[in-house]
Structures are given as structure tokens and as C-alpha cells.
Amino acid sequence: MSQVLTLTLKDLRRRLADPAALLVNLAIPLAIAGAMILAFGDIGGGGDSGPAAPKLRLGVVNLDEGFVSELLAGATQNSEAARHMEVRQEPDRESGLKLLRDQEFSALLVIPKGFGSSVLNGRKTSLELIKNPAQSIMPVVAQQITEVGALYASGAAKLLGDAGPRVSAIAESGGWQNAQDIGALAASLAIRFRGVDELMLPPLIEIDETKQDEPAAGASGGFDLISWMFPGMIVMGMIFVGMSQMKDLLRERDAGTMRRQLAGPVGPGTLLISKVLSVGVVVTAACGILMAIGAGAMGIRWGPLLPLAASTSALVLAVTGFSALMFSMVRTERQGDALGGIVTMVMSLLGGAFVPVQIMPAWMLNIARLTVNYWGNETLRALTGGGGWAEVAPYLGVLAVLGLVMTSLGVLLLRRRHLRGAL
Amino acid sequence: MAGDEPEALQVSDVRYSYGKARAVDGVSFSVRRGEIFGLLGPNGAGKTTTISMISGLLPPESGQVLIFGAEATDPSGRARLRMGVVPQEIALYEELSARENLRFWGEIYGLKGASLDKAVNQALEQVGLADRAIERASKYSGGLKRRLNLAIGLVHSPDLLLLDEPTVGIDPQARLRILGLVKAQAAAGRAVLYTSHYLEEAEQICDRIAVVDHGRVLAMGTVAELRRLVGEGPVVTLKGDVSPEQLQMVADRTPGVSLISASGGAASFSASDAAACSGLVRELFAAATKVDDLRVQEPTLEALFLKLTGRELRD
């Protein structure tokens, strides 16, 4: 045990004597986070003083002008939607496209002529969404909103069934004033909806309105971009640091210090455990530094202390284990550098560091769940979203299991490599 | 030094292969306390592999390595606690100072507190680094790093010291200092195994030498014993335009002369005395169409190596 401590302290002294690599690895995620936040142009507050989410700017060209399309276009202008979206109607496609090119819109929705009639008559139709290629996230958000809107409209049309054409005929002939037609339609719809009420009512989800004197941490009413993005950057930074520290195994092998220790009274197991331990300590320090920067410079609230400590510990274990596993497979420092950089970036992308995993296709989400980043991001986001033990527990458990499995596997594989004379 | 203490190092018929290439092929020797034993051979002769087996880093495929009677690979590590290893590469932490390096290596050998401080100071004094002890090793010259590399092997006062080419790439002054230090270790009763491909060094400090090549011990004994294997008289080396057949004929018709080696226009002969030597020189000039270089030397380990392997040590 005292040898493990001696070896670990030696590595920590070396890190302190030459902290440049550590600082560079911490700077990478901070720089990326800073660049992305600046790209959105507004890091203002979501609460009174906190950061606010950028609004989705959507252009709508309504070529149909029927009541369905009016409903659809109008739905984007209710008070709740208006907090998150800025919708501007344009008279034609060309003027809409010009404004899209001028970066006025993130996306342009074109409702074609005859859209409402097609929907009510149960015919297939389409909406055209033109995304701004110069932007990354907001056009995707616009696409999601449009897809959800189209899904609901299709569902409503199918529910109307053969009553749909009658609604269409009444609307187009201006027959809304004809009480007889409206009465007949109402009777028909009443019969049609009778079976549906059992499915619809009572609603499974109810909205409870609550009042608070102060907004909860991370629940300031708007989407808090920084609180959402920074956890992803922290996890990415921790993995960068973990990988760069674990590289020390190969550095020691190449410098001959590892052989020299093993020629002395140090066993390979002791050496590997101490290396993993020292990497864990440095990764913990990196996590602490990044969290302190997040709290001090960006006003992020990391939630209650105990769940935070448990989450951080599980995350450190997972990151350290992942680094050990990676370095049980690479042969040279250069390989470690190249593979480490690529794997960290890919895992960060897949794990939702830059875009929400919720907008990913199902197959990609399944892959994301295999990454440390996904579980780490979700854990930290649960905390920045005001969560406590209940919210982080499932993620924390997975992280701890991942960490234990990967650390054990990494140490075993590294030991096997040593016995083969490759380490 | 206990009277019934086993040999400091006993290597018996060890073998090791890297894949299909046999690196060490039945090497045996022993080293006693107070003795400097040299393993002499060119690069790739199997010296470092032998050292790796002795230091427990590689398990011998067959044979046995005993350190003061205990197996080198003994998992308790007792044997290795009595051994100090100075590898060929400079294996130290450049981010740390000489003192920090020595403290770390002393600690892993179980030293602590006042005894650690004393051992560190002593090692620094021995290698002449006391006045630069707090400087980072990365700022040291190659020679100073070599000295620190040696000090790390000495810090826990081992009974057996393994030195793998400790003077590679340093200036003559630093080399002399290191050689003096090695002699002092043996004089203090330590057993020293010293590998080198510098013949002069081996001749200068080793009590006994094993000449190795291609993983085998070709000859073993004191420097005087090994010299006698070459012959008492001088060694004549020639570079020029002479065929191997002509060289053999020259050797055959010159009394007191034998051909040691002949290849690629180079040859070496041993002569029994000065008269045989002058006769050989006359015959060589008569037989050769062109002579580029002709030297007459006293018998050396270089000549022995040439005789045993047919090539120079630095080939």
C-alpha cells in the first residue's frame, strides 16, 4: 500500500512540476464551449441575471390561406410559443428565401396551396421546410417542431375521417353560417369522438401550475444554453485529461523508468494501480477546476453537494477506467494521441456534448448510451437542471458500473501486455 | 561478508528467444562479492537480455538465475531488494530534481526518514551532484544525467550492482569518474556485473570477463587468461589486396605465425615473438599487390574477440 502511495505521489509531483499538458487539455473544452456560445451571439440570462436561450427565428410563407393553414401558422404565435420563437409571415417564397440567405431566419416553412383541403380530405400532402445551411442547431429545432406539428395535424385529419371533406366543403363554401350543416356535422363528430374519449380522458398527464418566489437553479423558465452545454464540455475535458495522463504509462515504458521500477521491488499490479490512481486524482482536479470556472465565470449552479460529489466520483472512475482501457490497446504515444483525440471527439458528439441526444435517430441514441459522455452529460445536466439524488441516481449507477468494469478490464489488459513484454 | 554466503549472482545455462530469434543461448557465469565481472560483446550479443533475466524482467526459458541464493523472479521481491540496476538508457524523471529522483527510488526500496535522507545525500556526494541536487534533471547535460542514472542504482546500497553500458555517449572525463565509482563499489564489497562493448573499459576495471556473441559465452576468465588465449606475442593486422588463400599460405610458410582471421581484404595474425613478426611482415609485403594498412600490436581483448568471432567488436 505504501508503494502505491509512493508511486502515486511521484506522478502527482511530476504533474505539478510540469502542468502545461494538463492546462492545454483543460483549455480545449473551454475554448470549444466559448466558441459555440459566442456563435449563438447571446449569452444573456435565462432568469433575471442568468443566461437566456436564443430564439428560433422562423419564416412562414402561407400559400394556402385556408383555415387549417391559418391554424398552423397561428399556432406558432401563441404566447408560450412566442417566448421561444419569432415567427414572421412572408408573402411569397422568393422574399422568404432572400431573408433566409440574409440570416434573418433559421428556417423557412412553406405551406403549399391546397394544403388544408388535402389534409381534410385525407390526401397525402407535404410541407416544405428550407433550413439555413449556415446554422447548425436552430434549423434542426425548426425541423423537429414542424415534424411534431405535421404529426398532430395528420392525427387530427385521420380522427375526422369522412367528416373531413364536409368540414372542408363547409369552410370553402363559406357555409359556417349554415346552422343546419353545422348541426349535422356536430352530430356526426359527436358519434365519431364517442369512442375516442375513453382513450383521451382522463388525461394521463396533467399540468400542475406552481408558483415560486425564486426560480429554481437551472429552471429559470427558458432554455439555459450554458448550463446545458458546459457539462458536456466538462466530461470532454475530463476525458482529454484522462487520456493525456494515462499516456504516461507509455512514456515511462519508453523512458525505461517502468522497467527500472519493475526490476526493483515494485510489482506490475502495484505499478498499474498507482498509475490509475494518479490519473484519477488529476482527472478529479481537472473536473473541480472546470466546475469552478463554470460556477464562477458562467453562473452555473451544480446542485446539492452530496449528489454532486457522488456523481463526480462515479464520473472520474468511468473516465479513468476508459483511459486505462484505451491505453491497454495502443502501442505508441503517437497512436495514443491520435486515437485519444478522435475517440474523445466522436464520443463527445455522440454523447450529446454539442447537440441534444433527443434529436438523434434511435440507432444513434443506442450507440450514445455506450459512451461515458452520454451518462456523464446526463448526470451533470440533471444536477444543473436542479435535480438531486432521485434524478442523478440512475445515471450515477451506470457510470459507477461502467467505471468499475472498464478500470478492472483496463488493468487486466495492461498487465497481460506487461507479461507479454509489450509494456 | 558472511563466510557461507552464497554467490552474489549465479547464472546457470539460461536461454531466451524473441520469437524465433535466440537472443541468449545457454549462458552461465557467477559473480562474487568484491568482484567486477564484465560481459563483453558487440551490440545485439545478448548482454541486455541477460541483464533483463537477472533483474527479473524476463523469465528465462530454461536455466536459473540466483541472487544470493534466491530466485531472481521470486515474487516476494527479496532478491531484487539486494540488487541495484543501472540500465543502458537514462531512466529517470526529467521533471524532477536529482534529489527528488533519488528520494523516490530510495523510497520504493523501503528507505524512509533519516536513513532515506542520509542515503540520498551519500549518493549525491558519490556522483558529485550535491551542489546541483535541486536542479531539474531536464537541465542536466548528458554526462550529469548518466551520473544521476548511476546514483539511482546506488541509493539503496545494493549488494549486487548490475551496470548495463553505463558510459555510453559521455565524454572521457565523465567516463573516468564513473569507472572510478564502479571500482569503489567493488572495493566496498559489492558484486558488480558490468556490460560494455568498450574493450579498454573492460580491461581497465574488470576482474573477470565473459566474451559473448550471438547469445553464447565464447571465452571467460581474467584479462590475463583471456590474453593468453590469443598468444604471448604481438598481433599483426593487415588491410590490403590479398586473397584469403595467399594469407593462409603466408601463415603456413612463416614459422611461429598463425592466422587469426581473414575476410574482405582484412586479416589478423598472431606471432610467437618479434622474429616471427618481422618474418610475417616481409612475407605479407611480398604476397600483397597493395597494402593499405599494417599494424603490429600487443595481444588485446580486441584481438581475442577477432580470433573468437572473426570480426571486430564494434562491427
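Quick notes on the overall build of chain B
Along chain B, the regular secondary structure elements total eleven helices and 14 strands. When burial is assessed residue by residue, chain B has 45% of its 315 residues classed as buried. Restricting the contact set of chain B to residue pairs at least 6 apart, pairs at least 24 apart contribute 69%.

A few points about the overall build of chain A
Each helix and strand in chain A was counted, giving 19 helices and four strands. By residue count, 39% of the 423 residues in chain A fall in the buried class. Of the contacts formed within chain A by residues at least 6 apart in sequence, a portion of 77% connects residues at least 24 apart.

Things to note about the confidence of the model for chain B
Residue and element names in this part refer to chain B. Overall, the predicted model of chain B reaches an average pLDDT of 88, with 97% of residues at or above 70. Highest mean pLDDT in chain B belongs to helix α3 (residues 98–108) (96); lowest belongs to helix α11 (residues 301–309) (75). Interface confidence for the predicted complex, expressed as ipTM, amounts to 0.81; the pTM equals 0.67.

Regarding the packing of helix α11 (residues 225–246) of chain A against helix α18 (residues 372–384) of chain A
Relative placement of two packed helices is described by the angle separating their axes and the distance separating the axes. Residues and elements named next belong to chain A. Packing of α11 against α18 brings their axes to within 9 Å, and their N-to-C directions diverge by 140 degrees. By the angle between their axes, α11 is oblique relative to α18. Both α11 and α18 take part in a crossing whose hand is right-handed. Counted together, Ser227, Trp228, Pro231, Gly232, Ile234, Val235, Met236 and Ile239 of α11 and Val372, Asn373, Gly376, Asn377, Leu380, Arg381 and Thr384 of α18 form the full contact between these two elements. Partitioning the contact of α11 with α18 into residue classes produces eight nonpolar, six polar and one charged.

Quick look at the sheet that holds strand β1 (residues 9–18) of chain B
Residue and element names in this part refer to chain B. Spatial ordering of the open sheet is given by β2-β1-β4-β5, a layout of four strands whose pairing is antiparallel. With one partner strand each, in any of the chains shown, β2 (21–31) and β5 (70–71) form the two edges of the open sheet. Here five bridges tie β1 to strand β4 (residues 62–67), and the two strands are oriented antiparallel to one another. Note on β4: the bridge partner recorded for Val11 is Val65. Where helix α1 (residues 47–54) meets the sheet, its contacts fall on β1, β2 and β4, and the angle it forms with β1 comes to roughly 120 degrees.

Observations concerning the pairing of strand β1 (residues 56–62) of chain A
Residue and element names in this part refer to chain A. Of all the seven residues making up β1, seven are buried; the element is thus mostly covered by neighbouring parts of the structure. Neither face of β1 is open: one carries Leu56, Leu58, Val60 and Asn62, the other Arg57, Gly59 and Val61, and all of them are buried. Inspection of the sheet shows β1 paired to strand β2 (residues 85–90) by six bridges, in the parallel sense. Looking at β2, one finds that Leu56 is bridged to Met85. Bridge count between β1 and strand β3 (residues 107–111): five bridges; the pairing is parallel. Within β3, the residue paired with Val61 across the bridge is Val110.

Comments concerning the nonpolar core
Among the nonpolar cores identified, the biggest contains 160 residues, and A:Met238, A:Ala318, B:Ala151, B:Leu162 and B:Val192 are the most heavily contacted of them. If one sorts the elements of this core by residue count, α11(A) sits on top with 15 residues. Counting residues in hydrophobic clusters, the runner-up holds 18 residues, among them A:Val119, A:Leu120, A:Ile145 and A:Ala157.

Section: the interface of chain B and chain A
Listed per partner, the contact involves 20 residues of chain B and 19 residues of chain A. Those elements that place two or more of their residues in the side of chain B that touches chain A are α2 (78–81) and α3 of chain B. Take the side of chain B that touches chain A: its biggest share by element is four residues, from α3(B). Here the residues of the side of chain B that touches chain A sort into twelve nonpolar, three polar and five charged.

Focus: the sheet that holds β2(A)
Residue and element names in this part refer to chain A. A sheet is described by the order of its strands in space; here four strands give the open sequence β2-β1-β3-β4, paired in mixed fashion. In this open sheet, the two edge strands, each paired with only one partner strand, are β2 and β4 (128–131). Shown here is a sheet whose adjacent strand axes are inclined to one another by a mean of 20 degrees, direction ignored. Where β3 lies against β4, four bridges are found, and the strand directions are antiparallel. Bridge assignment links Ala107 to a residue of β4, and that residue is Lys131. On top of the sheet, helix α5 (residues 93–101) reaches β1, β2, β3 and β4; it is set at about 165 degrees to β1, its chief contact.

Some details on unusual backbone geometry
Residue and element names in this part refer to chain B. Despite not being glycine, Phe68 shows a phi value in the positive range, around 50 degrees. Look at His214: it is not a glycine, yet its phi comes out positive at around 50 degrees. If you trace the backbone, His214 turns up in the loop between β9 (208–213) and β10 (216–222).

Remarks on the pairing of strand β6 (residues 83–86) of chain B
Consecutive side chains along a regular strand alternate between the two faces of the sheet. Residues and elements named next belong to chain B. On β6, burial covers both faces: Met83 and Val85 on one face and Gly84 and Val86 on the other are all buried. Pairing between β6 and strand β7 (residues 160–164): four bridges, direction parallel. Residue pairing across strands places Met83 opposite Leu160, the latter belonging to β7.

Some remarks on helix α12 (residues 248–255) of chain A
Residues and elements named next belong to chain A. The set of residues buried in α12 consists of Asp248, Leu249 and Glu252. All buried residues of α12 lie within an arc of 110 degrees about the axis, which places them on one face of the element. Elements in contact with the buried residues of α12: α1 (2–17), α11, α13 (257–263), α14 (268–298) and α15 (305–327). Looking at the residues trailing α12, positive phi occurs at Gly256, about 90 degrees.

Focus on the environment of B:Leu238
Residue and element names in this part refer to chain B. The residue Leu238 is located in strand β11 (residues 235–241) in this model. Once the C-alpha coordinates of Leu238 and Phe269 are considered, the two residues, 31 residues apart in sequence, prove to be 8.6 Å apart. Those residues within four positions of Leu238 in sequence are excluded, and the remaining contacts are Ala266, Ala267, Leu284, Val291 and Leu294.

Reading guide: rules and limits
- Residues numbered from 1 in each chain as written.
- Chains lettered and ligands numbered in written order.
- Predicted model: local features only at pLDDT ≥ 70, side-chain atom pairs only at ≥ 80, totals over all residues.
- Helix = DSSP H or I, 4+ residues; strand = E, 2+ residues; numbered from the N terminus.
- Buried ≥ 20, exposed ≤ 12 C-beta atoms within 10 Å, placed from the backbone.
- Contact = placed C-beta atoms within 7 Å.
- pLDDT = per-residue confidence, 0-100.
- Axes fitted to C-alpha atoms, helices over the stretch in contact; angles between N-to-C directions.
- Parallel < 35°, antiparallel > 145°, perpendicular 65-115°, else oblique.
- Left-handed = near helix turned anticlockwise from the far one by under 90°.
- Nonpolar A, V, L, I, M, F, W, Y, C, P; charged D, E, K, R; others polar.
- Pairing = 2+ DSSP bridges.
- Core = buried A, V, L, I, M, F, W, Y, C linked by C-beta atoms within 7 Å.
- Arc of directions from axis to C-beta.

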